[in-house]
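Architecture and fold: a report
Each chain, written out:
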Amino acid sequence: MNGADLSKDLDLYFSVSDKAVGLSLLTYKQADEPGYFIALIAPKTEVSASEIAAKRVTFVIDTSGSMQGSRMQIAKDALKYCVTRLNPQDTFNVVRFSTDVEALFPALKSAQPENIQKAVAFVEQLEAIGGTAIDEALVRGLQDNDGKSSAPHLLMFITDGQPTIGETDEGAIAQHAKDGRKAKTRLFTFGVGEDLNARLLDRLSSDGAGTSDFVRDGKEFETKISSFYDKVSNPVLSDLSLDLSSIDAYDLYPRKLPDLFKGTQLVVMGRYRKSGDAKAVLTGYVNGEKRTFDYGTTAPKEATRDGFIPRLWAIRKVGFLLEEIRLRGERPELRDEVISLAKKFGIVTPYTSYLVVEDTPPVARPMPVMRPGADEAESSGSAFAPPPAPRKGGGGVPAPAAAAPAESLARADGRGGVAVSREMKKMKEEERGPSASEPVRVAAGRTFLYRDGGWIDSEALANPGKPLQIKFLSKGYFALLQARPELKAAFALGDRVVVVIAKGKSVQVGPEGEEDEGKVRAFLK
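Bear in mind that the values here come from a model prediction, so they are computed numbers and not experimental data.

**Comments concerning the overall build of the chain**
Counting its secondary structure elements, the chain contains 14 helices and 21 strands. Taken across its 525 residues, the chain has 50% of its residues classed as buried. Within the chain, contacts between residues separated by at least 24 positions form 70% of all contacts whose residues are at least 6 apart in sequence.

**Let's talk about the sheet that holds strand E16 (residues 440–443)**
As summarised here, the arrangement of the six strands in space is E16-E17-E18-E20-E21-E19, forming an open sheet in which the pairing is mixed. Both edges of this open sheet fall to E16 and strand E19 (466–471), since each of them pairs with a single strand only. Direction aside, neighbouring strands of the sheet carry axes that sit 30° apart on average. Of the strand pairs in this sheet, strand E20 (residues 497–502) and strand E21 (residues 505–510) are connected by five bridges, and their pairing is antiparallel. Note that in E21 the partner of Val499 across the bridge is Val507.

**Quick look at the pairing of strand E7 (residues 153–159)**
Looking along a regular strand, one sees side chains alternate from face to face of the sheet. Extensive coverage of E7 is indicated by the burial of seven of its seven residues. Every second residue of E7 is oriented toward a common face, with His153, Leu155, Phe157 and Thr159 on one face and Leu154, Met156 and Ile158 on the other, all of them buried. Both strand E3 (residues 56–62) and E7 contribute to a ladder of six bridges, which runs parallel. Each bridged residue has a counterpart across the sheet, and for Arg56 the counterpart in E7 is His153. Pairing analysis gives seven bridges linking E7 to strand E8 (residues 185–192), with the strands arranged parallel. Paired with His153 across the bridge in E8 is Thr185. Each parallel crossover has a hand, and for E7 linked through helix H4 (residues 170–180) to E8 it is right-handed.

**Examining the side chain of Thr264**
Structurally, the position occupied by Thr264 is in the loop between strand E12 (260–261) and strand E13 (266–272). A polar contact is formed between the side chain of Thr264 and the backbone oxygen of Phe261, at a distance of 2.6 Å. When near neighbours in sequence (up to four residues on either side) are disregarded, Thr264 contacts Ile41, Ala42, Pro43 and Lys231.

**A closer look at the packing of aromatic side chains**
Per the stated rule, a full pass over the model turns up eleven aromatic pairs. Geometrically, the ring pair formed by Tyr477 and Phe478 is edge-to-face, given 5.4 Å between the ring centres and 80° between the ring planes. With a relative accessible area of 6%, Tyr477 lands in the buried category. On the accessibility criterion, Phe478 (45% relative accessible area) is partly exposed. Here a set of aromatic residues connected by ring pairs shows up, and it is made of Phe472, Tyr477, Phe478 and Phe491. Directly above the ring of Trp313 sits Arg271, whose terminal nitrogen or CZ lies 5.4 Å from the centroid. The side chain of Lys505 reaches across the aromatic face of Phe523, ending 5.0 Å from its centre.

**Notes on the packing of helix H7 (residues 309–328) against helix H8 (residues 332–345)**
For the pair H7 and H8, interaxial distance at closest approach is 10 Å and the crossing angle is 155°. In terms of orientation, H7 and H8 fall into the roughly antiparallel class. Taken as a pair, H7 and H8 cross one another with a handedness that is left-handed. Residue-level contacts link Pro310, Arg311, Trp313, Ala314, Lys317, Val318, Leu321, Leu322, Glu324 and Ile325 of H7 to Leu334, Arg335, Glu337, Val338, Leu341 and Phe345 of H8. Residue composition of the contact of H7 with H8, grouped by class: eleven nonpolar, no polar and five charged.

**Observations concerning helix H1 (residues 70–83)**
Counted at 1.5 Å a residue, the expected span for H1 with its 14 residues is 20 Å, and the 20 Å between its end C-alpha atoms agrees. Within the sequence span of H1, burial applies to Arg71, Met72, Ile74, Ala75, Lys76, Ala78, Leu79, Lys80, Cys82 and Val83. In this structure, the buried side of H1 is in contact with E3, strand E4 (91–97), helix H2 (113–124), E8 and helix H6 (219–232).

Rules used throughout
Residues numbered from 1 in each chain as written. Predicted model: local features only at pLDDT ≥ 70, side-chain atom pairs only at ≥ 80, totals over all residues. Heavy atoms only, no water. Helix = DSSP H or I, 4+ residues; strand = E, 2+ residues; numbered from the N terminus. Buried < 20%, exposed > 50% of the residue type's maximum accessible area, 1.4 Å probe, protein only. Contact = heavy atoms within 4.5 Å. Pairing = 2+ DSSP bridges. Axes fitted to C-alpha atoms, helices over the stretch in contact; angles between N-to-C directions. Right-handed = clockwise from strand over helix to strand, strands pointing away. Polar contact = N/O pair within 3.5 Å; in protein donor to acceptor, adjacent residues only side chain to side chain. Phe/Tyr/Trp six-rings, centres within 6.5 Å; stacked < 30°, edge-to-face > 60°. Lys NZ or Arg CZ within 6 Å of the ring centre and 35° of its normal. Parallel < 35°, antiparallel > 145°, perpendicular 65-115°, else oblique. Left-handed = near helix turned anticlockwise from the far one by under 90°. Nonpolar A, V, L, I, M, F, W, Y, C, P; charged D, E, K, R; others polar. Expected span 1.5 Å × (residues − 1).

Next comes the structure, spelled out in structure tokens:
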């Protein structure tokens, strides 16, 4: 159980429903402020063939010279895997591009055996040669959606390079794709290697209601493409909409709900203002027919058990804001909101890289910090970490000056651009709290970072206010717990804990400090 803390209880959340699609709601709310929620949406485990919606798929594959060798063979194997697993009710096409663009069929064809055989033969004879006509290939792939069918149109776009033929400007390419995309098309981009424009692929998928991903050569390439197709091969519900107006829900992430597929779970996070009994309404389409699901649920006035929920919501929101800055430019209101959330919830961003924690708690294993340019296989930290400080003694080459936050986000090309893209994707899809191996804890609805042998409230890093040191396990310490019982979980983190208790005030529990309970109570007033 990698990263699990076996000294603590395991909470397993599950629900039982006789509906075709189930929904469960987890909440966190302190009495005096809006609450947070996680909505878990999943289809039933057993889905019959008649309940699987038809889909339209266009596979667009880069066959330029940079795809030569094993990369081309892996791409061909992955494509054949996908094509041979189409459902009978599906329609599809294959488009290859290099200096020119060539489609297997003039329009989408049914996934009948003879068409599948033609596709396999077409893929088998693909050769890697020539330039990279990304713009023309995108426009051609989008033309497969004629706008007449109600079935979702999935466009899988695979490339390993920069645009070199035809239109090469990133903004123009993105605009052409945006203009050419019709309703029902979801654009999924896959970047192979690092010699590519990662920001362009992110922009295409963001505007195209899809996702972007980046893979290395070798086994990861084939595995990621095939596993992605397995995930989206069986649509259950498309064009989803979730109505939580009964709890006055707002600030939901993801902002636009993706389609729901067999064997998957959709995780939606947001905030709510109204408490009490409520109704959630989920709508979507199956083969053009609208389906509606009603769920009775409750949004408590106060619920503080699941303290991990606020930070998960904040990470997703910060990921969305950073993507906005990266793709559309920095604006003061976006920057300020990123900084505010990052400080409150201890989230590492280009604007708050000082939150990177180099210490590790006693139960944790060392975790290397990933920086743009580092190999992700050797690191699992944040791509937004600052460069390492030069070692004492003057040896070695000085670390390069850190880029400005907006500049670091704007990295488009190469290893740095891919690293930033991966980090933002991770943030936007975050759905788990910190593990025991991470120097982060969530307790009493707050985020704590491990620093200098103790746990510090992330809000205290920016503004600790007037501090009071209190000796651990003294009479003053127990007076603190009695006066502020809602913070017991925070002080249970260890014998060195810093907590902001009010605006402009914090307490610092440690081996030395105030022992008098009267003075502690007076400070807390």
